[in-house]
Amino acid sequence: MDAHRLRDKADARRLLQEAHREAARHHPGKVLKADEVREPSGAGTAELVGDGGRIELDPGEIAAADAELRRRSDELSQLLAQAQDLEAPLRDGTGPVSGHLRKAFGQRGSADTGVQAVLRSYLDELGALRDAIRQAAAGHAENDANAKDIMATLNGELGE
């Protein structure tokens, strides 16, 4: 049997079995089935595992992540500007499928339902993510400053 050609159901079964064996060889752990995976427990309640009970936040890494997201946002903005060219209708052919293609692709550049709408949605998501990262960073910076002030106050009261 040619490795890439299926002639009948038996070939398909053999190929599927080979794929399962190959997957088991590379990933020997138990693979969960869909009904074995726990349901999501809600936004923000994912299990976090920290080393020694603490989660460290590196301001430099946060700034780098924000800069990368800004770069991606700029790329999407450029694509959005280019997507406006898609609003122009396609030149139709005269073949039997031209009418169907016109219907299928006619809305591709629509600001409401086409590529522009999708890109705006992506930009909104990126903006929300960047805002959340900035808010988290600001909150952690404030907590660090408060902890530093408290420690300074305690050290002053203890005469250290």
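Residues numbered from 1 in each chain as written. Predicted model: local features only at pLDDT ≥ 70, side-chain atom pairs only at ≥ 80, totals over all residues. Heavy atoms only, no water.

S.K.: Teacher, can you tell me more about the overall build of the chain here?
M.R.: Counting its secondary structure elements, the chain contains 4 helices and 0 strands. For the chain, the α and β elements follow one another from N to C terminus as α-α-α-α. In the chain, which comprises 160 residues, the proportion classed as buried is 11%. At a minimum sequence separation of 6, the contacts of the chain that also span at least 24 residues come to 54%. (Helix = DSSP H or I, 4+ residues; strand = E, 2+ residues; numbered from the N terminus. Buried < 20%, exposed > 50% of the residue type's maximum accessible area, 1.4 Å probe, protein only. Contact = heavy atoms within 4.5 Å.)

S.K.: Explain the side chain of Ser-73 here, please?
M.R.: For Ser-73, the position within the fold is in helix 2 (residues 59–83). Exposure remark for Ser-73: the relative accessible area of 14% places this residue in the buried category. In this structure, Ser-73 is in contact with Leu-123 and Leu-126, ignoring residues within four places of it in sequence.

S.K.: Whenever I open this one, the nonpolar core confuses me. Can you help?
M.R.: Counting 7 residues, the largest nonpolar core is built from Leu-69, Leu-76, Leu-80, Ala-83, Leu-119, Leu-123 and Leu-126. Contributing elements (two or more residues each) for this core: helix 2 and helix 4 (115–157). A total of 4 residues in this core trace back to one element, the largest contributor, which is helix 2. The contacts of Leu-80, once residues within four sequence positions are left out, are Gln-116, Leu-119, Arg-120 and Leu-123. (Core = buried A, V, L, I, M, F, W, Y, C linked by side-chain atoms within 4.5 Å.)

S.K.: I tried to follow helix 2 on my own but got confused; where do I start?
M.R.: In an α-helix, one turn spans 3.6 residues, which is why side chains three or four residues apart end up on the same side. A rise of 1.5 Å per residue sets the reference length of helix 2, with its 25 residues, at 36 Å; its end C-alpha atoms lie 36 Å apart and thus fit the reference within 8%. For helix 2, the complete set of buried residues consists of Ile-62, Asp-66, Leu-69, Ser-73, Leu-76, Leu-80 and Ala-83. In this structure, the buried residues of helix 2 make contact with helix 4. Regarding helix 2, its N-cap is Asp-58, as a side-chain oxygen of that residue lies 2.9 Å from the backbone nitrogen of Gly-60 further along. (Expected span 1.5 Å × (residues − 1). Polar contact = N/O pair within 3.5 Å; in protein donor to acceptor, adjacent residues only side chain to side chain.)

S.K.: Help me understand the pattern of salt bridges in this model?
M.R.: A side chain with one charge can pair with a side chain of the opposite charge if their charged atoms come near. Under the criterion given, the structure shown has 7 salt bridges. Note that Asp-11 is salt-bridged to Arg-14, the shortest N-O span being 2.2 Å. Of the two residues, Asp-11 and Arg-14 both sit in helix 1 (residues 9–26), 3 residues apart, roughly one turn of that helix. For Arg-14, a relative accessible area of 38% corresponds to the partly exposed category. Here Arg-71 ties to Glu-68 by a salt bridge, and the two come within 2.6 Å at their closest N and O atoms. Taken together, the residues Arg-71 and Glu-68, both in helix 2 and 3 residues apart, mark about one turn of the helix. (Salt bridge = Lys/Arg side-chain N within 4 Å of Asp/Glu carboxyl O.)

S.K.: Sorry if this is basic, but what is going on with the packing of helix 2 against helix 4 here?
M.R.: Working note: a packed helix pair is described by the angle between its axes plus the distance between those axes. Contact geometry of helix 2 with helix 4 gives a least axis separation of 10 Å together with a crossing angle of 165 degrees. Taken together, the axes of helix 2 and helix 4 lie roughly antiparallel to each other. Regarding helix 2 and helix 4, the two cross each other, and that crossing is left-handed. Between helix 2 and helix 4, the residues in contact are Ile-62, Asp-66, Leu-69, Arg-70, Arg-72, Ser-73, Leu-76, Ser-77, Leu-79, Leu-80 and Ala-83 and Val-115, Gln-116, Leu-119, Arg-120, Tyr-122, Leu-123, Leu-126, Leu-129, Arg-130, Ile-133, Arg-134 and Ala-137, respectively. Here the contact of helix 2 with helix 4 is composed, by residue class, of 14 nonpolar, 3 polar and 6 charged. (Axes fitted to C-alpha atoms, helices over the stretch in contact; angles between N-to-C directions. Parallel < 35°, antiparallel > 145°, perpendicular 65-115°, else oblique. Left-handed = near helix turned anticlockwise from the far one by under 90°. Nonpolar A, V, L, I, M, F, W, Y, C, P; charged D, E, K, R; others polar.)

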